[in-house]
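Analysis of the macromolecular model
What follows is each chain in one-letter form.
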Amino acid sequence: MLLIKLTLDLSVVIGISVATFLIGFLSRSAQLKKYKKRVGEVECDMMANHAEILELQKEKLQLEEKLKDTSNIPVIPINVKEEKLQDKSAIKK
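All values derive from a computational prediction rather than experimental measurement. (Residues numbered from 1 in each chain as written. Predicted model: local features only at pLDDT ≥ 70, side-chain atom pairs only at ≥ 80, totals over all residues. Heavy atoms only, no water.)

**Describing the overall build of the protein chain**
When helices and strands are tallied, the protein chain shows two helices and zero strands. Counting the 93 residues in the protein chain, one finds 0% classified as buried. If you sum the accessible surface of the protein chain, you get close to 9,700 Å²; carbon and sulfur atoms cover 65% of it. (Helix = DSSP H or I, 4+ residues; strand = E, 2+ residues; numbered from the N terminus. Buried < 20%, exposed > 50% of the residue type's maximum accessible area, 1.4 Å probe, protein only. Areas by Shrake-Rupley, 256 points an atom, 1.4 Å probe, with all protein chains shown as cover.)

**Considerations on the packing of aromatic side chains**
Scanning all chains against the criterion turns up one aromatic pair. Here the aromatic rings of Phe21 and Phe25 are separated by 6.2 Å at their centres, their planes lie at 20°, and the arrangement is stacked. In this pair, Phe21 and Phe25 are both assigned in helix H1 (residues 10–70), four residues apart and thus about one turn of the helix distant. Looking at Phe21, the relative accessible area reads 57%, which means it is exposed. (Phe/Tyr/Trp six-rings, centres within 6.5 Å; stacked < 30°, edge-to-face > 60°.)

**Notes on a nonpolar patch on the surface**
On the surface, Leu6, Leu8, Leu10, Val13, Ile14, Val18, Phe21, Leu22, Phe25 and Leu26 cluster together into a nonpolar patch covering about 1,100 Å² of accessible area. Given the relative accessible area of 47%, Phe25 is considered partly exposed. (Patch = residues over 30% accessible without salt bridge, like charges linked within 9 Å, V, L, I, M, F, W, Y side chains within 5 Å. Salt bridge = Lys/Arg side-chain N within 4 Å of Asp/Glu carboxyl O.)

**Some details on the pattern of salt bridges**
Counting across every chain of the model gives two salt bridges. The salt bridge involving Arg38 is made with Glu41; its shortest N-O contact spans 3.6 Å. Of this pair, Arg38 and Glu41 both sit in helix H1, separated by three residues, roughly a single helical turn. According to the relative accessible area criterion, Glu41 is partly exposed, its value standing at 40%. For Lys60, the salt bridge identified is with Glu64, shortest N-O distance 4.0 Å.

Function-wise, these values are silent; they only describe arrangement.
Laid out in structure tokens, this is it:
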């Protein structure tokens, strides 16, 4: 039977455990920091896009109001023209 005697000092095992914990913690912290930075950038971009959309909607409303104020041309519906044509044809008969 093959036996390998392995002796480890308890301080070495604790040291390796602490070192691996610190390496994992630092790598995860760096990864989370990178993700938070990316989320901040995306939020900033979205806020800028929403502000631009609101500005364009404001300009559109101003143009519509300006068009309503300057539009004094009377509009004749198409149905009225058809009715007048029918009345004229009824008179001729």
